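Coordinate analysis (summary)
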Amino acid sequence: MGRLLACLLCLACCCAARADEAARQVTLPLAGGAALAGVVESADGAEVVLRIGPGERRRIPWAQLAPRGVYVAREALAPPADGHARRRLAELAADLGLWAEARAEYEKALGLGALTPEEFAVLAARAEEAAVEQGVRHARLRAEGGDVEGALALARELKLAFGASAQAARIRALVEELLAFVHAADAQAAEDAAELARMQEEVRRAKELLERRLRAEERIAAGDAAAERSRAARQQGAITRARKAAEEADEAWAQARRHLGRLRRLLPRTDTEALARVAGRLDALDRKQFDLRLAIAQFLAAPGSRNYGQADDWARRAAFIDPVHPALLALGEELAEARIRLRISDVTNARPIVR
């Protein structure tokens, strides 16, 4: 029986030791932004000793700790039930600018009898005011730096911690200010997006204008070269080569016309000079195409060719551009007179009976 009681006592002591050790597990923020986790074993005026693992200890100078790290180390060593120790810890937190922690420690000191209610009211009010002042300043800095979400998170923390205090009005004002900032930022973002879209559209338009202009000039040059080959073939009496080169030239100029038409639609109405240049290029294309179509029609209707069907087709194409041109009207009359009239037998496929 005695042995059993001894075992139970040993087990209880071990559990208590483990619970105490778990309670003292802390994370110490360092001045450089990193953090160390472990159990605070001791501290003196120069450093704090942190046990990181079994048999591993780190001696950390106080200067290497962030302000919150200093408070966490001191808080881990302070007796939980010592009111005066909690009051000194509250004063340390206040000196470090940790006003929310200072207010919490003042509450513990009050509960442990180290503060009178009057003293607590004065100290807590000062801590609340300083904590909210600090929180508002940090929230505004974050918002001005573009971290609106972080600023709103700070405002929510302030509201949770001090929403029922005398500083509630300041916290509400901060939230309203941040919301107004968000709305203004959204409006500015929408305006910036619209401006960016406008600039992108201008860039796209400028790019297409250049591309259309280059393609039009390339097609005009290709049409000019094909028209020259057609002219040389007509001089040589080469009917097929003249007609094919004319088709190539006519198609190239038609493509150039489409590019110029798109160019004219893309140009701003205020750019009268550019619009006039495009109109001039289209007029020049009209003259080139009409001259080519009339020339090839005349060539195909000439005695050396007498291809009246194709000549009539090219004459109709020329009429699309200038239907009352004297030379074209004369050619039309010539083609009408030279057209071979079909016999009834050609239409009905009836043939006379030869006996």
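Residues numbered from 1 in each chain as written. Predicted model: local features only at pLDDT ≥ 70, side-chain atom pairs only at ≥ 80, totals over all residues. Heavy atoms only, no water.

Along the protein chain, the regular secondary structure elements total 12 helices and 4 strands. A buried classification covers 33% of the 355 residues belonging to the protein chain. Once local pairs closer than 6 in sequence are excluded, the contacts in the protein chain between residues at least 24 apart make up 54%. With an accessible surface of roughly 22,000 Å², the protein chain has 56% of that area assigned to carbon and sulfur atoms. (Helix = DSSP H or I, 4+ residues; strand = E, 2+ residues; numbered from the N terminus. Buried < 20%, exposed > 50% of the residue type's maximum accessible area, 1.4 Å probe, protein only. Contact = heavy atoms within 4.5 Å. Areas by Shrake-Rupley, 256 points an atom, 1.4 Å probe, with all protein chains shown as cover.)

Overall, antiparallel pairing links the 4 strands, which are arranged β1-β2-β3-β4 in an open sheet. Sheet topology places β1 (25-29) and β4 (56-61) at the edges, where each strand pairs with a single neighbour. Across this sheet, the average inter-strand angle for adjacent strands is 50°, counted without regard to direction. In this sheet, β4 lies alongside strand β3 (residues 47-53) in antiparallel orientation, the contact comprising 6 bridges. Bridge assignment links Val 48 to a residue of β4, and that residue is Ile 60. Most of the contacts of helix α2 (residues 67-77) go to β1, to which it runs at about 155°, and overall it touches β1, β2 (35-43) and β3. (Pairing = 2+ DSSP bridges. Axes fitted to C-alpha atoms, helices over the stretch in contact; angles between N-to-C directions.)

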